[in-house]
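One-letter residues, chain by chain:
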Amino acid sequence: FLINLGMLLWLCHWSVCFQRLRKGSEAIAGGNLNHQIDTTRMPHDLRLHAEALNNIADGLNGAVEEKMKSERFKAELITNVSHDIKTPLTSIVSYVDLLKKQEMPNDQAREYLEVLDRQSARLKKLTEDLGEASKASTGNLTVDFQRTDVNVLLTQSAGEYQEKLAAKGMDLILTPAPENPAISADGRLLWRVFENLLSNIHKYARRED
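In this text, all values refer to a predicted model and were calculated from it rather than measured experimentally.

Asker: Help me out: how do you make sense of helix α4 (residues 150-159) in this one?
Answerer: One turn of the α-helix equals 3.6 residues, which is why residues spaced by three or four share an orientation. Taken as a whole, α4 has its buried residues at Val 150, Asn 151, Leu 153, Ser 157 and Ala 158. Along the axis of α4, the buried positions cluster into a sector of 165 degrees, meaning they face one direction only. Where α4 starts, the residue carrying a side-chain oxygen 3.0 Å from the main-chain nitrogen of Asn 151 turns out to be Asp 149.

See below:
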């Protein structure tokens, strides 16, 4: 009787410790990397398993923290570089605008000015895109949701690339969605999505012979 009673108590204790181990495992698997399984008075085999899970959680938690620190550093670097570029770029754009109001001495000078105007505008857009990407990566991007007509926005975006694609021997074919569907979106950001897709088509698509 005493042996059976002792075995029963030991099995009850083992079962309670196993339940503690199972719940701790579920908490860690659910993403709670700060959870530590209490190994107090656990049987030897269960304690070893619990300690291994605690060590895994500590390792994953440290890796996540390092990853987040790296992402924050990268975002701060992009933001700082973008900000540093904006100051001289603003001056360049301003002086180009002033030169455009002046009489150019010859056609070659006007051509150079057009190149400066075009490239400074492109650099300005790239700088803005860099800043937006930095905000998006840190979750600080402001999104202004409004009722947006997808067909209108896509048609306007495509209109800017039709001539460029035609120059490469390609025709842009659009199939507007029926009934002019409207969605809740930030038109400015959605425009950039369409523009990026069309830009990639212009850069990388090839005409079929």
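Asker: Teacher, can you tell me more about the environment of His 202 here?
Answerer: Topologically, His 202 is positioned in helix α6 (residues 187-204). Distance in space between the C-alpha atoms of His 202 and Ser 82 is 26 Å, their sequence separation being 120 residues. Ignoring any residue separated from it by four or fewer positions in sequence, one finds His 202 in contact with Tyr 161, Lys 164, Leu 165 and Lys 168.

Asker: Is there a simple way to explain empty space enclosed by the protein in this structure?
Answerer: Tallied over the entire structure, the rule returns 1 cavity of 30 Å³ or more. A volume near 40 Å³ is recorded for the largest cavity. Lining the largest cavity, in full, are Asn 151, Leu 154, Thr 155, Leu 174 and Pro 176. Of the residues in the lining of the largest cavity, the class split is 3 nonpolar, 2 polar and no charged.

Rules of the game
- Residues numbered from 1 in each chain as written.
- Predicted model: local features only at pLDDT ≥ 70, side-chain atom pairs only at ≥ 80, totals over all residues.
- Heavy atoms only, no water.
- Buried < 20%, exposed > 50% of the residue type's maximum accessible area, 1.4 Å probe, protein only.
- Helix = DSSP H or I, 4+ residues; strand = E, 2+ residues; numbered from the N terminus.
- Arc of directions from axis to C-beta.
- Polar contact = N/O pair within 3.5 Å; in protein donor to acceptor, adjacent residues only side chain to side chain.
- Contact = heavy atoms within 4.5 Å.
- 1 Å grid on protein atoms, 1.4 Å probe; cavity = no way out; pocket = protein on both sides within 12 Å on 5 of 7 lines; lining within 4 Å.
- Points joined across faces, edges and corners; volume = space filled by probe spheres on them.
- Nonpolar A, V, L, I, M, F, W, Y, C, P; charged D, E, K, R; others polar.

By themselves, these are just geometric observations and shouldn't be taken as functional.
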